[in-house]
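Summary of structural features
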Amino acid sequence: MFGKIVVAFDNSLIGQQIFDEAVTLAKATGASVMLINVISPFDEYYPNPFLTQTGMSYPVVSVEVFNSYLEQWKELKQESINFLKSFCDRAQALGVKTELVQGFGDPGRAICDVARNYKADLIILGRRGHKGLGELFLGSVSNYVLHHAPCSVLIVQGATHATIESPENKQTAST
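A few points on the structure. This one's a predicted model, so the numbers in the text were calculated from it and none came from an experiment.

Regarding unusual backbone geometry
Negative phi is the rule for most residues except glycine; trans is the rule for most peptide bonds. Positive phi outside glycine occurs at Lys119, with the angle close to 60 degrees. For Lys119, the position within the fold is in the loop between helix H3 (107–118) and strand S4 (122–127).

A look at the side chain of Ser40
Within the secondary structure, Ser40 is located in the loop between strand S2 (32–39) and helix H2 (63–93). Separated by 3.5 Å, the side chain of Ser40 and the backbone oxygen of Gly105 make a polar contact.

Focus: the side chain of Thr98
Here Thr98 is to be found in strand S3 (residues 98–104). A polar contact is formed between the side chain of Thr98 and the backbone oxygen of Val96, at a distance of 2.8 Å.

Notes on the environment of Pro41
In this fold, Pro41 is placed in the loop between S2 and H2. Along the primary structure Pro41 and Phe104 are separated by 63 residues, whereas in three dimensions their C-alpha atoms are 8.2 Å apart.

Some thoughts on the packing of H3 against helix H5 (residues 141–148)
Interaxial distance between H3 and H5 falls to 8 Å at its minimum, and their mutual angle equals 40 degrees. Where H3 crosses over H5, the handedness of that crossing is right-handed. Across from Pro107, Gly108, Arg109, Ile111, Cys112 and Arg116 in H3, the residues of H5 making contact are Val141, Tyr144, Val145 and His148. Taken together, the residues of the contact of H3 with H5 sort by class into six nonpolar, two polar and two charged.

Brief notes about the nonpolar core
One finds Ile5, Val7, Phe9 and Leu35 to be the most contacted residues of the largest nonpolar core, which totals 21 residues. Every element with two or more residues in this core is listed here: strand S1 (4–8), helix H1 (13–29), S2, H2 and S4. In terms of residue count, the dominant contributor to this core is H1 (six residues). With residues up to four places along the chain from it excluded, the contact list for Leu35 reads Val7, Phe9, Phe19, Leu84, Phe87, Cys88, Thr98, Glu99, Leu100 and Val101. Counting 16 residues, the second-largest nonpolar core is a separate cluster that includes Val38, Cys112, Val114 and Tyr118.

Describing the sheet that holds S1
Consider a sheet: its strands pair through backbone hydrogen bonds, and that pairing is either parallel or antiparallel. Taking strand neighbours across the sheet as the criterion, the five strands line up as S3-S2-S1-S4-S5 in an open arrangement whose pairing is parallel. On the outer flanks of this sheet lie S3 and strand S5 (152–157), each paired with one strand and no other. Each strand of the sheet is rotated relative to its neighbour by a mean of 25 degrees, with strand direction disregarded. Strands in contact with H2 are S2 and S3; relative to S3, the strand with the most contacts, it is inclined by about 160 degrees. Where H3 meets the sheet, its contacts fall on S1, S2, S3 and S4, and the angle it forms with S2 comes to roughly 155 degrees.

Let's talk about the packing of aromatic side chains
Within this structure, the stated rule accounts for six aromatic pairs. Here the aromatic rings of Phe9 and Phe87 are separated by 5.0 Å at their centres, their planes lie at 80 degrees, and the arrangement is edge-to-face. A residue pair is termed long-range when its members are at least 10 positions apart, and Phe9 in the loop between S1 and H1 and Phe87 in helix H2 qualify at 78 residues. By the ring-pair criterion, three or more aromatic residues cluster together here, those being Phe9, Phe19, Phe83 and Phe87. When the ring centre of Tyr118 is taken as origin, the NZ or CZ atom of Lys4, which lies over that ring, is 4.9 Å away.

Side note on the pattern of salt bridges
Scanning the model with the defined rule gives one salt bridge in all. The partner of Asp113 in a salt bridge is Arg116, with the nearest N and O atoms 3.1 Å apart. Taken together, the residues Asp113 and Arg116, both in helix H3 and three residues apart, mark about one turn of the helix. Given a relative accessible area of 39%, Asp113 falls into the partly exposed group.

Analysis parameters
Residues numbered from 1 in each chain as written. Predicted model: local features only at pLDDT ≥ 70, side-chain atom pairs only at ≥ 80, totals over all residues. Heavy atoms only, no water. Helix = DSSP H or I, 4+ residues; strand = E, 2+ residues; numbered from the N terminus. Polar contact = N/O pair within 3.5 Å; in protein donor to acceptor, adjacent residues only side chain to side chain. Axes fitted to C-alpha atoms, helices over the stretch in contact; angles between N-to-C directions. Left-handed = near helix turned anticlockwise from the far one by under 90°. Contact = heavy atoms within 4.5 Å. Nonpolar A, V, L, I, M, F, W, Y, C, P; charged D, E, K, R; others polar. Core = buried A, V, L, I, M, F, W, Y, C linked by side-chain atoms within 4.5 Å. Buried < 20%, exposed > 50% of the residue type's maximum accessible area, 1.4 Å probe, protein only. Pairing = 2+ DSSP bridges. Phe/Tyr/Trp six-rings, centres within 6.5 Å; stacked < 30°, edge-to-face > 60°. Lys NZ or Arg CZ within 6 Å of the ring centre and 35° of its normal. Salt bridge = Lys/Arg side-chain N within 4 Å of Asp/Glu carboxyl O.

Below is the structure:
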């Protein structure tokens, strides 16, 4: 069945759900797990050396700005590793053989590359429910992985915008 599972997630609301489903499946099948978090320069929290604290953009980067960028980058990488280690420890405490890897770049490609190198039988990742223009402009990691993965893919559905804004939810909230 599944011997090796790649679990791609981040520190979002759906991240915990992805992790829980992956650990449950790994325990049931005796699979080992590779946790991956991808740092992407397209994410809003990624440091930008061309923006100062005032939001001004300069065509030339000073030494101070560059050093500040390097420090922010170092902190971002360490936060990602700490995040992965905490989940790795939790999975191991539950009896699941777990490893971790930090990716960089395009998340979809990084996830597929890790799955290929790990010889994964399954990739588990989330879907945030972007549709239409949101998906076009923000991209869809899950869509990319679904079409380029070297193995099976399980997509955990996050709360969609349609679910959040449904008429039933509006009525319940207003009463």
